[in-house]
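# A structural walkthrough
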Amino acid sequence: MTGMTSTARPLLNRRLAEFGTTIFAEMSALALKTGSINLGQGFPDTDGPEEIREAAVRALRDGRGNQYPPGPGVPELRTAIAAHQERRYGLSYDPDAEVLVTAGATEAIAAALLALVEPGDEVIALEPYYDSYAACIAMAGGTRVPVTLRPHEGAFRLDLDELRAAVTDRTRLLLINTPHNPTGTVLTREELAAIAELAVERDLLVITDEVYEHLVFDEAEHIPLVTFPGMRERTVSIGSAGKTFSFTGWKVGWVTGTPTLVTAVRSAKQFLTYVASGPFQYAVAEALALPDSYFADFRADMLAKRDVLAAGLAAAGFEVFRPAGTYFVTTDIRPLGPELSRNGDGFAFCRALPELAGVVAIPNAVFYDHREEGAPFVRFAFCKRVGVLEEAVDRLKKLAG
C-alpha cells in the first residue's frame, strides 16, 4: 500500500488551511502566458547601485560570508544598521545586543510573531495587510483582528476610534506597517502619537514594518514609532535592504529593539533559517553607508515613476489613490463602468485585464479579511523602468476606448 496516506485529517496543518497558492504566483503565471506587462509583484526590473553589487562580488571572492555568518548577523552589518538608525532618526542601538539580521523582512515578521505571540493572543493588523502577516499570526496560534484603512479624500486613512475599540483584554500586539503596503498610506505624527499612547495605556507590544522607510513622497515623512514616549521598551522595528537598494533577491532584513525583545526574536529566528545571505550582508553594510544623495535620488526616481503610472491610470478611467509612500498605486476600478470592472470585482477584473489590455495587476481583496471592503480596489507596482511603465500606460488606454 505504498503511496497511501491517512484520510483521517487533511495533510496541511489546519492553521494554514486558509492560505493556498498566493495570488502573486497566479498573476505572474498569467503574465507569462499572455505576454503581459507584470505590474503585480513588487520587485524592481533593474538592479541597485553597481558599487554595492561589486561589494557582494568582492565579499564572495574574499571568502567573507561563504560559510555560516554569526547568528545575529555579521558585525559590520549590525554596526551599519545601528549607524543608519542614529543618522536618520537619532535612535541609538547597541549593535551587539539590539540588532538582529534576518533573511529579509519576511523572516523578521515571522520570527517576531512566533516569539511574542501565544495561542489565543489577539494581534491587531491594519487591513489591507501584507499577505505574510495573516499566515505568520496563524502559525503562532494567534487571532488576527483587522482594523480597516478606508478611502477618505483621496487616500486610505486609519480610524483611531476603530483601532481603540479593537483592543481587548486578549490583545497582545499591534502590527503596524508604515509606509503602508498596499495602500501607500504614511501614518502622520498625530496618528503615530495616538497609537503610541494606546500601546502604553493598554501595555501592548508593537511590531513596526518599516521596509519602505526611504520611499516617502510629497509632504509625507517617515517617523519611526519607537521615537515616541514609552515605545522603546515595547517596539520591535523591522527594516530591509531589498526595497531601499533594489536587491530584493538578496533577502537581507533586520530587527532593532531592546536586548530583551531582540533576544526573544532571535530565539525563534535561530530555528527558522539560522543564518542567511552571508556575502550580501557585507555588501548591505556598505549600502547603508551610502551618502544621503543616494537616498534622495532613489526617492526622486520612484516619485517620477509614480507620477507616470498614476497619470496613466487616471487617464484610463481608474480612480487613483496617489500613494504617499511605497512603490504601489491603489486604484478603484468602479469608475470604468460595470462591464469593464466586472461589477467592481477586483479578482475578476485582474484575471481579465491581461486579455483586455496586456497588463497584470493584483486585486487588493487578497489583503483583507473583510473581502467585500477590498473588492473594488486593484494594486499596480511602479518599481519598473520608465519605458515599461509608459508601455503599460499606453496599453491601459484601451480601457478608456
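About the criteria used
Residues numbered from 1 in each chain as written. Predicted model: local features only at pLDDT ≥ 70, side-chain atom pairs only at ≥ 80, totals over all residues. Heavy atoms only, no water. UniProt positions renumbered as here; feature names shortened; annotations may be inferred. Helix = DSSP H or I, 4+ residues; strand = E, 2+ residues; numbered from the N terminus. Buried < 20%, exposed > 50% of the residue type's maximum accessible area, 1.4 Å probe, protein only. Contact = heavy atoms within 4.5 Å. Axes fitted to C-alpha atoms, helices over the stretch in contact; angles between N-to-C directions. Parallel < 35°, antiparallel > 145°, perpendicular 65-115°, else oblique. Left-handed = near helix turned anticlockwise from the far one by under 90°. Nonpolar A, V, L, I, M, F, W, Y, C, P; charged D, E, K, R; others polar. Pairing = 2+ DSSP bridges. 1 Å grid on protein atoms, 1.4 Å probe; cavity = no way out; pocket = protein on both sides within 12 Å on 5 of 7 lines; lining within 4 Å. Points joined across faces, edges and corners; volume = space filled by probe spheres on them. Polar contact = N/O pair within 3.5 Å; in protein donor to acceptor, adjacent residues only side chain to side chain.

- An unreviewed UniProt entry annotates the protein chain as Pyridoxal phosphate-dependent aminotransferase originating from Streptomyces prunicolor.
- Of the comments in the UniProt record for the protein chain, the one headed Cofactor (unreviewed entry) reads "pyridoxal 5'-phosphate".

## What about the side chain of T331?
- Looking at where T331 falls in the secondary structure, it is placed in strand β12 (residues 328-332).
- Judged by relative accessible area, which is 0%, T331 ranks as buried.
- Not counting residues up to four positions away in its chain, the partners in contact with T331 are L313, F318, E319, V320, F321, P376, F377, V378 and F380.

## Let's talk about helix α10 (residues 278-288)
- For α10, a buried count of nine out of eleven residues is recorded, marking the element as mostly surrounded by other parts of the structure.
- All of the buried residues in α10 are G278, P279, Q281, Y282, A283, V284, A285, A287 and L288.
- If you follow the buried residues of α10, they end up packed against α2 (50-61), α3 (75-89), β2 (99-102), α8 (242-245), β10 (253-256) and α11 (292-316).

## Topic: the packing of α3 against α10
- Contact pair α3 / α10: the axes reach a minimum separation of 8 Å and the direction vectors enclose 25°. Comparing their axes, α10 and α3 come out roughly parallel. For the pair α3 and α10, the crossing hand works out as left-handed. Across the interface between the two elements, E76, L77, A80, I81, H84 and R87 of α3 pack against Q281, Y282, V284, A285 and L288 of α10.
- Class assignment for the residues of the contact of α3 with α10 results in seven nonpolar, two polar and two charged.

## Re the sheet that holds strand β14 (residues 362-363)
- With antiparallel pairing, the four strands of this open sheet are ordered in space as β11-β12-β15-β14. Strands at the two margins of the open sheet, each flanked by one partner only, are β11 (319-321) and β14.
- In this structure, β14 lies alongside strand β15 (residues 377-381), joined through two bridges in antiparallel fashion. Within β15, the position partnered with I362 by the bridge is R379.

## A closer look at empty space enclosed by the protein
- Using the criterion set out here, one finds three cavities of 30 Å³ or more in the structure.
- Within this model, the largest cavity holds a volume of roughly 70 Å³.
- Along its surface, the largest cavity is lined by Q85, L91, E210, E213, P224, V226, S237, I238, G239, W254 and T256.
- Those elements that place two or more of their residues in the lining of the largest cavity are β9 (235-240) and β10.
- With three residues, β9 is the largest single contributor of residues to the lining of the largest cavity.
- Residue composition of the lining of the largest cavity, by class: five nonpolar, four polar and two charged.
- Considering only enclosed or pocket space, the second largest cavity measures out at about 50 Å³ in volume.
- By residue class, the composition of the lining of the second largest cavity is six nonpolar, four polar and one charged.

## Considering the UniProt feature "domain: Aminotransferase class I/classII large" (unreviewed entry) in the protein chain
- Following the UniProt record, one finds the feature "domain: Aminotransferase class I/classII large" (unreviewed entry) at residues 37-396.
- This span, residues 37-396, is 41% helix and 18% strand, and a straight line between its end C-alpha atoms measures 11 Å.

## Structural notes on the layout of surface pockets
- Considering only enclosed or pocket space, the largest pocket measures out at about 990 Å³ in volume.
- Only α1 (23-34), α4 (104-116), α5 (131-139) and α8 provide two or more residues apiece to the lining of the largest pocket.
- For the lining of the largest pocket, the leading source of residues is α5, giving seven residues.
- Its residues assigned to classes, the lining of the largest pocket comprises 21 nonpolar, 13 polar and ten charged.
- The calculated volume of the second largest pocket comes to roughly 290 Å³.
- What lines the second largest pocket is a set of 20 residues, and nearest its centre among them are V186, E219, A220, E221 and A324.
- Among the elements that make up the lining of the second largest pocket, the one with the highest residue count is strand β6 (residues 155-157) (three residues).
- Taken together, the residues of the lining of the second largest pocket break down into ten nonpolar, four polar and six charged.

## Digging into helix α12 (residues 346-357)
- Considered for burial, the residues of α12 that qualify are G346, F347, F349, C350, A352, L353, P354 and A357.
- Buried residues belonging to α12 abut α1, β13 (359-360), β14, α13 (371-374), β15 and α14 (386-396).
- Its side-chain oxygen at 3.0 Å from the backbone nitrogen of F347, D345 defines the N-terminal cap of α12.
- G358 sits one or two residues past α12 and shows a positive phi near 70°.

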